[in-house]
Amino acid sequence: MEKKELKPANVFRYFEEICQVPRPSKKEEKMIAYLKAFGEKHKLETKVDEAGNVLIKKPATPGMENRKTVVLQSHIDMVCEKNNDVKHDFLTDPIETEIDGEWLKAKGTTLGADNGIGVATELAILTDNSIEHGPIECLFTVDEETGLTGAFALKEGFMSGDILLNLDSEDEGELFIGCAGGIDSVAEFTYKEVDVPAGYFFCKVQVKGLKGGHSGGDIHLGRGNANKLLNRFLSAAFGKYDLYLCEIDGGNLRNAIAREAHAVIALPDTDKHALRADLNVFAAEVQAELAVVEPDLQFILESEHPHSKAIDKDTAKRLLQTIYAVPHGVFAMSQDIPGLVETSTNLASVKMKPNHIIRIETSQRSSTASSK
């Protein structure tokens, strides 16, 4: 297949044009200029806000003027990654594309279809005079990939539409109903360092092999959260043995379900074999619980070099109880739309920070603002 044979032809023609315009996140000046020139060329009202977001308007076709205005939205920046053996400057060089079987790909770099294909679709609609439509506003936002700063900078009155369709999705032919926003909740514990008594056995407990996933798109799948699973075991062990918590770490990004977590603990040398037996029993129980969704789940116990200090017992107890109590997963389903998660929360990460701080990061999403 040749590039010129790709359908819809107009969409892929504009996508190829977009690939010639450098557009890293926070460096979208050339793409903004391209869109302004596009609007002028096609005599369409075009405006740019202070952040660099672009809006291009197309009037309704005759007889459709009373329809609600629809806003089509995509972001113009792209993630810029390349193979080590490829020479490419994302600030100046075009993206080189090629046909590989049924796929359009980039040669050794990211393609930028996220969200270039959305931008190309909007441009194709703006130039297609065969489509009957009400008033259309095409919104092109900047810097989505590194924090949605373009979207956050939008001011009231920049758009006038009643319906917004976001064209930055993963699956062709499917509509996604998303949340009305999210919030992050952070809790911090300040701990004191205490000495671990002599004659104690040090070991690392690890949770691995979980699928993880996106805290919005995958939260309803019931996958395991490494922070919760590790904490369940630690909480039980803390109540059974004279256990010291030396180190704890789990998860990373606030919008990702935690895939891995580990802790370094110390307990009397005489209890180490009992602890291993406890972990074997616990692992079997949890693997049975999650057999369908997490077939690769692993619990690993390894000896660890001695640590001279540990978290004080009171803080460790409160930390483990907090993580135990903090919810994770679907909180409420929509009463309007069957199968739609209305409200959810993600226990994203547990990290030890400088100055004796332990930080728990969580992320909440909801399609109703009050539920957040």
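Nothing here was measured: the structure is a model prediction, and the numbers come from that model.

Rules and cut-offs
- Residues numbered from 1 in each chain as written.
- Predicted model: local features only at pLDDT ≥ 70, side-chain atom pairs only at ≥ 80, totals over all residues.
- Heavy atoms only, no water.
- Helix = DSSP H or I, 4+ residues; strand = E, 2+ residues; numbered from the N terminus.
- Rg over C-alpha atoms; globule rule 2.2 N^0.38 Å.
- Buried < 20%, exposed > 50% of the residue type's maximum accessible area, 1.4 Å probe, protein only.
- Contact = heavy atoms within 4.5 Å.
- Areas by Shrake-Rupley, 256 points an atom, 1.4 Å probe, with all protein chains shown as cover.
- Lys, Arg positive; Asp, Glu negative; His and termini not counted.
- Charge placed at Lys NZ, Arg CZ, Asp CG, Glu CD.
- Phe/Tyr/Trp six-rings, centres within 6.5 Å; stacked < 30°, edge-to-face > 60°.
- Lys NZ or Arg CZ within 6 Å of the ring centre and 35° of its normal.
- Core = buried A, V, L, I, M, F, W, Y, C linked by side-chain atoms within 4.5 Å.
- Expected span 1.5 Å × (residues − 1).
- Salt bridge = Lys/Arg side-chain N within 4 Å of Asp/Glu carboxyl O.
- Pairing = 2+ DSSP bridges.
- Axes fitted to C-alpha atoms, helices over the stretch in contact; angles between N-to-C directions.
- Arc of directions from axis to C-beta.
- Parallel < 35°, antiparallel > 145°, perpendicular 65-115°, else oblique.
- Left-handed = near helix turned anticlockwise from the far one by under 90°.
- Nonpolar A, V, L, I, M, F, W, Y, C, P; charged D, E, K, R; others polar.
- Disulfide = S-S within 2.5 Å.

Trainee: Any chance you could break down the overall build of the chain for me, citing the residues and the numbers?
Mentor: If you tally the helices and strands in the chain, you get 7 helices and 17 strands. Against the 2.2 N^0.38 benchmark of 21 Å for 372 residues, the chain shows a C-alpha radius of gyration of 26 Å, more extended than a compact globule. In terms of its C-alpha atoms, the chain occupies a principal-axis envelope of roughly 85 × 50 × 40 Å. By the burial criterion, 43% of the 372 residues in the chain qualify as buried. Taking contacts inside the chain between residues at least 6 apart in sequence as the whole, the part at least 24 apart equals 74%. A total accessible area of about 20100 Å² is found for the chain, and carbon and sulfur atoms account for 51% of it. Computed over 42 positive and 58 negative side-chain charges, the inter-centroid distance for the chain is 2 Å.

Trainee: Give a detailed account of the packing of aromatic side chains, specifying residues and quantitative values.
Mentor: Across all of its chains, the model carries 4 aromatic pairs by this definition. Between Y14 and F38, the ring centres sit 5.7 Å apart and the planes meet at 80°, which makes this aromatic pair edge-to-face. Of this pair, Y14 sits in helix α1 (residues 9-18) while F38 sits in helix α2 (residues 29-41), and the two are 24 residues apart along the sequence. Each residue in the set F233, F282 and F299 is aromatic and connected to the rest through ring pairs, giving one cluster. For the cation-ring pair, R13 lies above Y14, with the distance from its terminal atom to the ring centre recorded as 4.4 Å.

Trainee: How would you explain the nonpolar core if you had to name every residue and give the values?
Mentor: Judged by nonpolar contacts, the single largest core of 42 residues is most densely connected at L245, I265, L275 and F299. Element by element, the count of residues in this core is highest for helix α5 (residues 226-240), at 7 residues.

Trainee: Please give an account of helix α3 (residues 113-127) that cites residues and values.
Mentor: Counted at 1.5 Å a residue, the expected span for α3 with its 15 residues is 21 Å, and the 20 Å between its end C-alpha atoms agrees. Looking only at α3, the buried set comprises N115, G116, G118, V119, A120, E122, L123, A124, L126 and T127. Packing partners of the buried residues in α3 comprise α1, α2, β2 (54-58), β3 (70-75) and β6 (136-141).

Trainee: Describe in detail the environment of G250, supporting the description with residues and values.
Mentor: Summarising the element assignment, G250 is placed in strand β11 (residues 244-250). In this view, G250 contacts N227, E260, A261, A348, S349, V350 and K351; residues no more than four positions away in its chain are not counted.

Trainee: Which residues make up the side chain of K228, and what are the values?
Mentor: When you line up the elements, K228 lands in helix α5. An unpaired buried charge is present at K228: no salt bridge exists, and E289, the closest side chain of opposite charge, is 12 Å distant. What K228 contacts, discounting residues up to four positions off in sequence, is I323, Y324, A325, V326, H328 and L347.

Trainee: How would you summarise the sheet that holds strand β7 (residues 163-166) if you had to cite specific residues and measurements?
Mentor: Taken together, the 5 strands give an open sheet; going across it, the order is β1-β2-β6-β3-β7, and neighbouring strands pair in mixed fashion. Only two strands of the sheet have a single neighbouring strand rather than two, namely β1 (46-48) and β7. Here the strands of the sheet are splayed against their neighbours by 20° on average, with no regard to which way each runs. Bridge count for β3 against β6 is 6 bridges, and the pairing is parallel. Directly across from L72, in β6, lies its bridge partner C138. Where α2 meets the sheet, its contacts fall on β1, β2 and β6, and the angle it forms with β1 comes to roughly 155°.

Trainee: I'd love a proper account of the pairing of strand β12 (residues 261-268), names of residues and values included.
Mentor: When you tally the buried positions in β12, you get 8 out of 8 residues, the bulk of the element. The pairing of strand β10 (residues 200-208) with β12 spans 8 bridges and is classified as antiparallel. Across the sheet, F202 pairs through a bridge with A266, a residue of β12. Of the strand pairs in this sheet, β11 and β12 are connected by 6 bridges, and their pairing is antiparallel. Counterpart to G250 in the pairing with β12 is A261.

Trainee: How would you explain helix α6 (residues 272-289) if you had to name every residue and give the values?
Mentor: The terminal C-alpha atoms of α6 lie 26 Å apart, and with 18 residues this matches the ideal 26 Å at 1.5 Å per residue to within 8%. Turning to α6, its buried residues are L275, L279, F282, A283 and V286. Along α6, the residues classed as buried sweep out an arc of 110° about the axis, all on the same side. For α6, the exposed residues set more than 90 degrees away from the buried face come down to H273, N280 and A288. Along its buried surface, α6 packs onto β10, α5, β12 and β13 (298-303).

Trainee: An account of the packing of α5 against helix α7 (residues 313-325) is requested, with residue identities and associated values reported.
Mentor: Between α5 and α7, whose axes approach to 9 Å, the crossing angle comes to 135°. Of the possible angle classes, the one that applies to α5 and α7 is oblique. For the crossing formed where α5 meets α7, the hand is left-handed. Taken together, the residues of α7 that come into contact with α5 (itself represented by N227, K228, N231, R232, L234, S235 and F238) are K313, A316, K317, L320, I323, Y324 and A325. Looking at the contact of α5 with α7 residue by residue, the class counts come to 7 nonpolar, 3 polar and 4 charged.

Trainee: Account for the state of the cysteines, naming residues and giving values.
Mentor: Here the structure, examined in full by the defined rule, presents 0 disulfides. Just so you know, C19 is unpaired, no disulfide at all, and the nearest cysteine sulfur is the one on C80, 12 Å from it.

Function-wise, these values are silent; they only describe arrangement.
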